[in-house]
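Next come the chains, spelled out residue by residue.
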Amino acid sequence: MKNITFRQLKSIRAIEAHGKVVGAAKALGLTAPAVTLQLKQIEAEAGVQLFERMAHGMFPTEAGHAVLAAARDIEERLSLLETELNAFKGVKRGHIAVGAVSTVKYFAKPMVAAFSSAYPDIDLELFVDRRAETVERLKNRTIDIALLGRPPREFSVRAAIFGEHSLVVVSAPNHPLAGRQGISKAEIAREHFFLRSPDSGTRIFFDRFMSEIPGRVDGPNTEMESIEDIKRAVMADTSVAFLAAHSVAAEVQAGELTILDVVGLPIRRQWFAVSRTDRAMTPVIAAFEDFLATQGKEFLPDLVAAEDAAP
């Protein structure tokens, strides 16, 4: 394997990403024959077939997965080396990939803008997705840090708190329960809820909150992927929703939604910056984590104001 080149490794990584030689060639700025040649050379060196050629695409063989894993490790190590060399020069320069769950989007843009202003030589790439996809990206090393409400337990991670968020029940201002004090869990459990999908952190805490009410977890509920869709549905209906307070702060302040005074709520949770323990703490990652620790709270919506707006 000593004759394998970086160009060949880049070619098979591109084939994996795009599923076809043509797509890989376009991404690399090469011709399709050039990429095919790189693949043939690395397969000849490895002595095994690395991809299954099918009509609807190319898919890594078991041996291909092993070589691709090594290619990712080499790319990561070279990226780390570049960062380490910059650190010796006293330079914080490089790239950082950050994954975040959907509710982070309500404060992510100003936070990323402030970080980029403080560190103009660091290119921050942000991926906002559901919790399951964000955790999978962290597991597969396609992101450096994940912003989560709960650190994953499937693999070893570092987790640093950078702020708080609250989980509440909201309704339209004209809902029969709006303005009521001390609504019991049994009473709110009779309401129709619009909820996030079962794999979201918000939904997990809803299920825990309602676990002592027999049969409540299974309904009556309507599941929606989008927080914005849930908010619109609540404003147009007589139902309620269980959401993060910061995700409804604007609507509460505008009088479009109200936070219901339910006994046992709000549930206060923390935001965590999560990274793998087997990932080196580079100067770039350290800079972002320090930024979150010292300035992260400044970008969180005013939860106190939102909760004070509850009747």
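Everything that follows concerns the structure shown earlier in this document.
I will try to describe carefully the structure that is included in this document. Just so it is clear, the model here is predicted, and its values are computed rather than measured.

Rules and cut-offs
- Residues numbered from 1 in each chain as written.
- Predicted model: local features only at pLDDT ≥ 70, side-chain atom pairs only at ≥ 80, totals over all residues.
- Heavy atoms only, no water.
- Salt bridge = Lys/Arg side-chain N within 4 Å of Asp/Glu carboxyl O.
- Helix = DSSP H or I, 4+ residues; strand = E, 2+ residues; numbered from the N terminus.
- Buried < 20%, exposed > 50% of the residue type's maximum accessible area, 1.4 Å probe, protein only.
- Arc of directions from axis to C-beta.
- Contact = heavy atoms within 4.5 Å.
- Pairing = 2+ DSSP bridges.
- Axes fitted to C-alpha atoms, helices over the stretch in contact; angles between N-to-C directions.
- Parallel < 35°, antiparallel > 145°, perpendicular 65-115°, else oblique.
- Nonpolar A, V, L, I, M, F, W, Y, C, P; charged D, E, K, R; others polar.

Turning our attention to the pattern of salt bridges. Counted under the stated rule, the structure contains 20 salt bridges. For Glu 43, the salt bridge goes to Arg 53, with nearest N and O atoms at 3.0 Å. With Glu 43 in helix H3 (residues 32–46) and Arg 53 in strand S1 (residues 51–54), this residue pair connects regions lying 10 residues apart in the sequence.

This part is about helix H6 (residues 131–139). Along H6, the positions that sit buried rather than exposed are Arg 131, Thr 134, Val 135 and Leu 138. The buried residues of H6 occupy an angular sector of 95° when projected down its axis, which confines them to one face. On its buried face, H6 sits against strand S3 (94–101), strand S4 (122–129), strand S5 (145–148), strand S6 (157–171), helix H8 (201–209) and strand S11 (267–276). Arg 141 sits one or two residues past H6 and shows a positive phi near 70°.

Below, the discussion takes up the side chain of Gln 38. By secondary structure assignment, the location of Gln 38 is in helix H3. For Gln 38, the contacting residues outside a window of four places in its chain are Thr 5, Arg 7, Gln 8 and Ser 11.

Turning our attention to the pairing of S11. For S11, a buried count of 7 out of 10 residues is recorded, marking the element as mostly surrounded by other parts of the structure. The pairing of S5 with S11 spans 3 bridges and is antiparallel. Residue pairing in the sheet places Leu 147 in a bridge with Ala 273 of S11. Sheet topology places S6 next to S11; 10 bridges connect them, and they run antiparallel.

Positionally, Glu 164 belongs in strand S6. The spacing of Glu 164 and Ile 213 is 49 residues in sequence and 27 Å in space, taken between C-alpha atoms.

In this section: the packing of helix H2 (residues 21–28) against H3. Packing of H2 against H3 brings their axes to within 8 Å, and their N-to-C directions diverge by 105°. Regarding the angle of H2 to H3, the classification is roughly perpendicular. For the pair H2 and H3, contact is made by Val 21, Ala 24, Ala 25 and Leu 28 and by Ala 32, Val 35 and Thr 36, respectively. Within the contact of H2 with H3, the residues separate by chemical class into 6 nonpolar, 1 polar and no charged.

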